[in-house]
Amino acid sequence: MTAESSPPLGPALSNRDELLWRQVNPHFVHGGRVSSQVFKPTPKDEGLLSVARSSRTTAEDAFHHHVKILGFVSAGVLAVSVGECLGESLTSYEQPLPDNPAHAVVDFRVLSDKDRERKAKRLAAAARSRGFTYQPGG
Amino acid sequence: MPDDRTGPETKSEGERPAFLTPVFRGQRFGGHGIPLDVLPDLRAYRDLVLELAKVLFLRNNPLRKRVPKGFGDSLRLTLSQLREGSTVAVLTRDQSPREQPPLPNLVVEDVFSEARDLINECVRAAEECRSVPDDFPLELLAAFDGVGRHLKKDESVELRTPGEERGPLLGFKERKHLVLLTRADYRAEVELVGRAVAIGTDKSDFRIELDSGEVVTCPLAREREREVTTAIRDRTRLRIRVDGTGCFDRSDRLERVEQIDGFETIDTLDERLRELASLSDGWLDGEGIGLAPSNVDHVREILDNVLGGGIVPMPSVYPRPDGGIQAEWTISPWEVSLVFDFATHKVRMGASDVSSDAELEDERSFQDERLIDKVRSFVMTCLAGER
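Residues numbered from 1 in each chain as written. Chains lettered and ligands numbered in written order. Predicted model: local features only at pLDDT ≥ 70, side-chain atom pairs only at ≥ 80, totals over all residues. Heavy atoms only, no water.

## What to know about the overall build of chain B
Then, number 1: Within chain B, the secondary structure is distributed over 7 helices and 15 strands.
Then, number 2: A compact globule built from 387 residues should have a C-alpha radius of gyration of about 21 Å, whereas chain B, at 30 Å, is more than 25% larger.
Then, number 3: With the C-alpha coordinates aligned to their principal axes, the bounding extent of chain B is approximately 95 × 45 × 40 Å.
Then, number 4: Counting across all 387 residues of chain B, residues that qualify as buried make up 48%.
Then, number 5: Summed over all atoms, the accessible surface of chain B reaches about 18,700 Å², with 47% contributed by carbon and sulfur.
Then, number 6: Taking the average location of the 55 positive side-chain charges in chain B and that of its 73 negative ones, the two points are 6 Å from each other. (Helix = DSSP H or I, 4+ residues; strand = E, 2+ residues; numbered from the N terminus. Rg over C-alpha atoms; globule rule 2.2 N^0.38 Å. Buried < 20%, exposed > 50% of the residue type's maximum accessible area, 1.4 Å probe, protein only. Areas by Shrake-Rupley, 256 points an atom, 1.4 Å probe, with all protein chains shown as cover. Lys, Arg positive; Asp, Glu negative; His and termini not counted. Charge placed at Lys NZ, Arg CZ, Asp CG, Glu CD.)

## Remarks on the overall build of chain A
Then, number 1: Each helix and strand counted, chain A has 3 helices and 7 strands in total.
Then, number 2: The linear arrangement of helices and strands in chain A, starting from the amino end, is β-β-β-β-α-β-α-β-β-α.
Then, number 3: Computed over its C-alpha atoms, the radius of gyration of chain A comes to 14 Å, within 12% of the 14 Å expected for a compact globule of 138 residues.
Then, number 4: Its C-alpha atoms give chain A principal-axis dimensions of roughly 35 × 35 × 30 Å.
Then, number 5: In chain A, which comprises 138 residues, the share counted as buried stands at 51%.
Then, number 6: If you take every contact in chain A between residues at least 6 apart in sequence, the share linking residues at least 24 apart comes to 79%.
Then, number 7: Put simply, chain A shows about 6,100 Å² of open surface, and 52% of that area lies on carbon and sulfur atoms.
Then, number 8: Once the 17 positive and 15 negative side-chain charges of chain A are each reduced to a mean point, those two points are 6 Å apart. (Contact = heavy atoms within 4.5 Å.)

## Side note on the nonpolar core
Soluble globular proteins tend to pack their nonpolar side chains together in the buried interior.
All names here are of chain B.
Then, number 1: Of all hydrophobic cores here, the largest spans 65 residues; its most connected members are F24, F112, I119, F136, F144 and F206.
Then, number 2: At 10 residues, the largest contribution of residues to this core is made by helix α1 (residues 39-60).
Then, number 3: When residues of this core are assigned to domains, at least three map to each of domain 1 (18-182) and domain 2 (187-266).
Then, number 4: I119 has contacts with Y45, L48, V49, L52, F136 and F144, leaving out every residue within four places of it along the chain. (Core = buried A, V, L, I, M, F, W, Y, C linked by side-chain atoms within 4.5 Å. Domains from an automatic or database assignment.)

## Regarding the sheet that holds strand β6 (residues 185-199) of chain B
All names here are of chain B.
Then, number 1: Strand order in this open sheet of 5 strands is β8-β7-β6-β9-β10, and the pairing throughout is antiparallel. Each edge of the sheet is formed by a strand with only one pairing partner; in this case those strands are β8 (215-219) and β10 (254-267). If you compare each strand with its neighbour and ignore which way they point, the axes differ by 45 degrees on average.
Then, number 2: Across 10 bridges, the pairing between β6 and strand β9 (residues 238-249) is antiparallel. Across the sheet, residue D185 finds its bridge partner in β9, namely D249.
Then, number 3: Where helix α4 (residues 225-233) meets the sheet, its contacts fall on β6, β7 (205-210), β9 and β10, and the angle it forms with β6 comes to roughly 60 degrees. (Pairing = 2+ DSSP bridges. Axes fitted to C-alpha atoms, helices over the stretch in contact; angles between N-to-C directions.)

## What about the domain arrangement of chain B?
Residue and element names in this part refer to chain B.
Then, number 1: Taken domain by domain, chain B holds domain 1 (18-182), domain 2 (187-266) and domain 3 (279-386).
Then, number 2: Averaged C-alpha coordinates put domain 1 and domain 2 at centres separated by 32 Å.
Then, number 3: Counting from both sides, the interface comprises 7 residues of domain 1 and, opposite them, 6 residues of domain 2.
Then, number 4: Contact with domain 2 buries area across many residues of domain 1, yet D145, R149 and L180 alone supply 56% of it, more than any other trio. (Buried area = accessible area lost by both parts, 1.4 Å probe.)

The structure is reproduced here in structure tokens:
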């Protein structure tokens, strides 16, 4: 999701208990452990980490959207809460898309690359402790 | 599978009568040969025929206390032919007069055929879930543990006798059924992959922990001791694959490995880096630069030295979208990473204490003479604080 092509950010998410589904690229899984890179925006993301809101969709539906609609690959779905992001001073925003009303982003934009890596590690640790919320065939 | 249900053939080449025509069924037998691994099963069959023939002979000759000298030598079975896509073996009896031991005044010829037929009845009973024939000695049922042991679970052998169009099928189910009639365990082929975790105190065995968490004991040959010791010392990195014969209880629980036929050490670091080296551009949903083989080799060399044969545990290793590689450890409460950055030719070390705000960071050039020491020391610092 690029800032240029993406719609403007909506309101900040405030329900600290709401979970944010994040797809896991299979290359970011080794020996069953998921890389912290899953929670670090890639260059294409321009600082906005794409997630899907648990108040709008299930982890399973989010997975199928990612795989069947967008045509990407996923090893499964991890989750962090809005509160866990806020605990790392990361604000999440609504950003519904025409084909994906559940879409939201976690905002890493103002952070340096090092800070992004640090926070990604902490979010990944929280998500790993929760375990996969959906895995195909699981 | 070729159609092998043609008319029975009772003569093999050279006019020697066929004693048994085992027809092997299964994927491995669709080609042009019988795997050597399976040949011991034919020997086990021969041994069973011989033992059963001895019992039958003594039963038919109640005044004798033992079988005549040369009795065993008179059953010389030869694999004389492979037919029909090599799934059909022909066993003949070698009855060369000069090799035939003298068995004066005794009729033994038929007792081997009688034994063969009784074995077939026994297998047929198992196939049809019936009781085994009363005249089959119970003490010999355990011998089925060897007959067909090297067949895989989806394979079987049909024991076709001369004049029969169809013989009974001996597969895993029948073999297990027959063995468990008189014993509490049975043997079957196993292929295990796991981590070597310990050597027994008398060094006669070692233990593998499977991915399921189950720990299995395996025999340890002296010449393999060094390899197993290395695998134990570096067990976060090295896995082992064991092929052989396992002993299972009635519930199909693997009790132990009794014999190892194949042993292989798997270097999971090497395996993982080969995977990463095969990534091409776009591996991350269209993003992600492919990893240059020379860069992967460089990481292999650095990590190999850092891990030091088990001094540092094996990390998880991932590609980076920028064409670099990232190694990570969870060493509670630390989340540790090494970023191999090929744009700057540096290793960036980072550790975050997820229970506090504490962070550790360092950075070294690939050319730094103390790179290995620094990286190892960085990880060891986190290991020292592991909770």
